[in-house]
Amino acid sequence: MKFIILGRNLEVTPGLRAAVEDKIGKLAKYFNPDTEVHVTLSVEKERQKIEVTIPVKGNIIRSEQVSNDMYVSIDLVEEIIERQLKKYKAKIVDKQQGAGSFSKMYVENDYMEDEEVKIVRTKKFDIKPMYAEDACIQMELLGHNFYVFINAETDQVNVVYKRKGDTYGLIEPEV
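To keep things clear, this report deals only with the structure shown in the data block. Nothing here was measured: the structure is a model prediction, and the numbers come from that model.

1. Thoughts on the side chain of glutamate 78
Phase 1: The topology assignment puts glutamate 78 in helix 2 (residues 70-87).
Phase 2: Beyond its immediate sequence surroundings of up to four residues, glutamate 78 is in contact with Lys23, Ile24, Lys26 and Leu27.

2. Re the environment of lysine 128
Phase 1: Structurally, the position occupied by lysine 128 is in the loop between helix 4 (104-108) and strand 5 (129-130).
Phase 2: Overall, lysine 128 belongs to the partly exposed group, its relative accessible area being 47%.
Phase 3: Considered as a pair, lysine 128 and valine 148 are 20 residues apart in the sequence and their alpha carbons are 9.3 Å apart.
Phase 4: Setting aside anything within four residues of it in sequence, one finds lysine 128 in contact with Phe149 and Ile150.

3. Thoughts on the nonpolar core
Phase 1: In this structure, Val20, Val39, Ile50 and Val52 are the most contacted members of the largest nonpolar core, which totals 22 residues.
Phase 2: Among the elements of the structure, strand 1 (2-8), helix 1 (14-25), strand 2 (36-44), strand 3 (47-56) and helix 2 are those that each provide at least two residues to this core.
Phase 3: Ranked by residues supplied to this core, first place goes to helix 2 with 5 residues.
Phase 4: Formed by 8 residues, the second largest nonpolar core is a distinct cluster that contains Met130, Ala135, Met139 and Phe149.

Cut-offs applied
Residues numbered from 1 in each chain as written. Predicted model: local features only at pLDDT ≥ 70, side-chain atom pairs only at ≥ 80, totals over all residues. Heavy atoms only, no water. Helix = DSSP H or I, 4+ residues; strand = E, 2+ residues; numbered from the N terminus. Contact = heavy atoms within 4.5 Å. Buried < 20%, exposed > 50% of the residue type's maximum accessible area, 1.4 Å probe, protein only. Core = buried A, V, L, I, M, F, W, Y, C linked by side-chain atoms within 4.5 Å.

Read these as layout, nothing more, since geometry by itself doesn't imply function.
Right under this line is the structure:
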């Protein structure tokens, strides 16, 4: 695995780099050796945060963990990603297309699927054009943490969502 490790508001010391490469390196058994792993370590007040993103053909495997100790965050993120890989193996490895990103052992191993993804409710609603700011207001009025709308500026389906710290995010499709 090829590690790309960045630090925000923190210097990536050789000790931190070694801890990340050692702990996240345990996931190497699931991937081909040339798989890139993007790791961002950041500190905000007492929050020690690690974000790990592993782009694989057709999917992105991602986890972020926060604790008051960076080494604890590193341990947690590795466990979460390994659990994701085992739980969603059938969905993230398409035998025809996506298998090239993963190791032969991972593709051939059968993991017990604890939970199957079940859609228990379907909702239909009218989508009307509006600006992102108006969509945020509508989302707040409904008491939801996301809102789907047609962006009046781009004429595309977008999603606004509530982020930590009372801020908002906007998801737009790539053209």
